[in-house]
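# Per-entry structural report
Here's the letter readout for the chains.
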Amino acid sequence: MDIDKIREEFPILKQEVYKRPLVYLDNAATTQKPRVVIDAISNAYCTINANVHRGVHHLSQLSTEGHEGGREKVRQFLNAKSIKEIIFTRGTTESINLVASSFSEAFFNEGDEVIISAMEHHSNIVPWQMLEGKKGIKLKVIPITPVGELDMEMFRSLITERTKLVSVAHVSNVLGTVNPIEEIITIAHSHNVPVLVDGAQGAPHIKVDVQALDVDFYVFSGHKIYAPTGVGVLYGKEEWLDKMPPYQGGGEMIGKVTFEKTTYNELPFKFEAGTPDYVGVMAMTEALNYVEGLGIENIAAHETELLQYTTEKIKAIEGVVIYGNSPHKSGVISFNVEGIHPYDIGMLLDKQGVAVRTGHLCAQPLMDILGIPGVVRVSFALYNTKAECDKFISALQRAIEICK
Ligand code: 7TS
């Protein structure tokens, strides 16, 4: 990959922050957008904007084609069997809430159990916890090992005849650990338990084949894979989605409405009430084409190189503790410097033009387990360079000197 050429395609990367070139290392929070994605939004509003699925008029047809073309693109991207299995949502959070709400309605009874893990983002904790109150279900948590991997022996022992779903992250947004989802799915399925994989940090870095994985639900956010905010995906096996009731009521999700009774639309529309973010979907199509054009394996190889390069350099700094030391790691490094609050490091890095994330990273239970208030996190994307990693390291050394 020619990174210099790639960087030219991301207008925001030319920015200066406090008169220093921007070094953007907060990609796990959201990625920057290439020109093709930004142009897709502008082009859609300049040329074909019309509500989808509704009008017989020309623009509406073009808009519908763009939107449904996006669904086919996502189907290919995930290698789903059918476009019926691709539901557009606002993002990972909404996708998980949809499953929590609708799957539980169809399948959960009081006393049933859902297994999550200790390294989940709040998005994959709170929706299930809300069901504890509403449905009387019980949440069980797979612990992590000292290097930050899932304790698979404990996982096996947590499954009982009351387990109704396993819901785990593909990649931890804090530890960077790539979880063995193939093994998790095989184990869960041997007990007839379906699995949801939170792919927010997985899909942007790892080729996902939902049929090969045999995963029941896979969810991700567009904005973490170079697409706009406000659009995301829920993949679900048709056999499950068919049996699940609608999530929200409104236009588009209906078959026929009378004041006495409403019938529901077929998949995938049954789960898409209201006007969808069709412009976001069209722009996401461009983002996925862009990623596939570069090759997701090439992107991952580049990010892994940056991960290893930066990890070595951080480790050499006295007093630094890295959280998450699995050999199976994606491009995320969370750390603390002894005696210095993560916010102070974050602020001092920012003043030098380096954007990182600090705090609990929406994983407070994991912070409690680690016994820390928060971390500093750097996370890589396809446009980051070794020169930027060097800038980050020297900015970090400077920040530490200031705090001493
Ligand atoms: N799951 C994981 C593993 C995530 O990392 C995130 C967002 C979400 C779910 C929620 O995604 P959303 O697009 O619906 O908000 N993670 C982060 C992060 O690490 N920093 O900011 C957002």
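Provided above is the structure to which this section pertains.
First, a word on what this report is: a plain description of the structure on this page. Position numbers for residues start from 1 in each chain and track the written sequence from start to end. Only residues with pLDDT of at least 70 are given local features in this predicted model, and only at 80 or more are side-chain atom pairs given and counted; all residues enter the totals for whole chains, interfaces and linings. To get the side-chain values, all heavy atoms of the structure are used, and hydrogens and water are removed first.

### As for the sheet that holds strand E7 (residues 163-169)
By definition, two strands form a pair when at least two bridges between them are found by DSSP. A run of H or I in DSSP counts as a helix once it spans at least four residues, and a run of E counts as a strand once it spans at least two, with each numbered from the N terminus. Strand order in the open sheet made by the 7 strands is E4-E10-E9-E8-E7-E5-E6, with mixed pairing throughout. With one partner strand each, in any of the chains shown, strand E4 (86-89) and strand E6 (138-142) form the two edges of the open sheet. Between one strand and the next, the sheet's axes are offset by a mean angle of 20°, whatever the strand orientation. Here 4 bridges tie E7 to strand E8 (residues 195-198), and the two strands are oriented parallel to one another. Bridged to Ala169 within E8 is Asp198. Any pair of residues with heavy atoms lying within 4.5 Å of one another is described as a contacting pair. Interaxial angles span 0 to 180 degrees and are taken between N-to-C directions of axes, which are lines fitted to C-alpha atoms, for helices over the stretch in contact. Contacts between helix H5 (residues 126-135) and the sheet are confined to strand E5 (113-117), E6, E7 and E8, with E6 contributing the most and set at about 145° to the helix. The sheet contacts of helix H7 (residues 181-190) involve E7 and E8, and relative to E8 the element is tilted by about 160°.

### With respect to the pairing of strand E10 (residues 232-236)
Across the 5 residues of E10, 5 count as buried, placing the element largely inside the fold. Exposure categories follow from relative accessible area, calculated using a 1.4 Å probe and restricted to protein chains: below 20% of the type maximum is buried, above 50% is exposed, and the middle band is partly exposed. Side chains Gly232, Leu234 and Gly236 project from E10 onto one buried face, and the interleaved Val233 and Tyr235 project onto a second face that is buried too. Of the strand pairs in this sheet, E4 and E10 are connected by 4 bridges, and their pairing is antiparallel. Paired with Ile86 across the strands is Tyr235, a residue of E10. Where strand E9 (residues 217-221) meets E10, 5 bridges bridge the pair, whose relative direction is antiparallel. What sits directly across from Phe220, in E10, is Val233.

### Here we look at the site of the ligand
When at least one non-hydrogen atom of a residue lies within 4 Å of a molecule or strand, that residue is treated as near it. The ligand sits among 15 residues. The nearest are Thr93, Asp198, Ser221, Arg357 and Arg377. Polar contact criterion, stated in full: a pair of N or O atoms within 3.5 Å, where within protein one must be able to donate a hydrogen and the other to accept it, and residues adjacent in sequence count only if both atoms are side-chain atoms. A distance of 2.9 Å separates an oxygen atom of the ligand from a polar atom in the side chain of Asn173. Here Lys224 contributes a side-chain N or O atom positioned 3.0 Å from a nitrogen atom of the ligand. For the ligand, the protein covers 87% of the area, taking 490 Å² as the surface of the free molecule. For the shell around the ligand, the per-class residue count stands at 3 nonpolar, 8 polar and 4 charged. Per-residue and other accessible areas follow the Shrake-Rupley method at a 1.4 Å probe size, with only the shown protein chains counted as cover for residues. Polarity classes work like this: nonpolar for Ala, Val, Leu, Ile, Met, Phe, Trp, Tyr, Cys and Pro, charged for Asp, Glu, Lys and Arg, and polar for all others, with Gly in that last group.

### Focus: empty space enclosed by the protein
With a 1 Å grid spanning the protein atoms alone, the term cavity applies to any set of points in which a 1.4 Å probe fits but cannot get out, the term pocket to an open set with protein on both sides within 12 Å along at least five of seven lines, and the term lining residue to any residue with an atom within 4 Å of a point. Grid points are joined across faces, edges and corners, and a volume is the space filled by probe spheres set on the points. Within this structure, the stated rule accounts for 2 cavities of 30 Å³ or more. Space inside the largest cavity adds up to approximately 50 Å³. What lines the largest cavity is Asn27, Ala28, Val171, Gln201, His205, Ser330, Gly331, Val332, Ser379 and Phe380. Here the lining of the largest cavity is built from residues that sort into 4 nonpolar, 6 polar and no charged. Residue ranges for the domains originate in an automatic or database domain assignment. Residue contributions to the lining of the largest cavity reach at least three from each of two domains, namely domain 1 (3-25 + 295-403) and domain 2 (38-293). Size it by volume and the second largest cavity reaches roughly 30 Å³. Around the second largest cavity, the lining residues are Asn27, Ala28, Thr31, Gln201, Pro204, His205, Lys224, Tyr226, Phe380 and Ala381. Residue composition of the lining of the second largest cavity, by class: 5 nonpolar, 4 polar and 1 charged.

On their own, these measurements won't tell you what the molecule is for.
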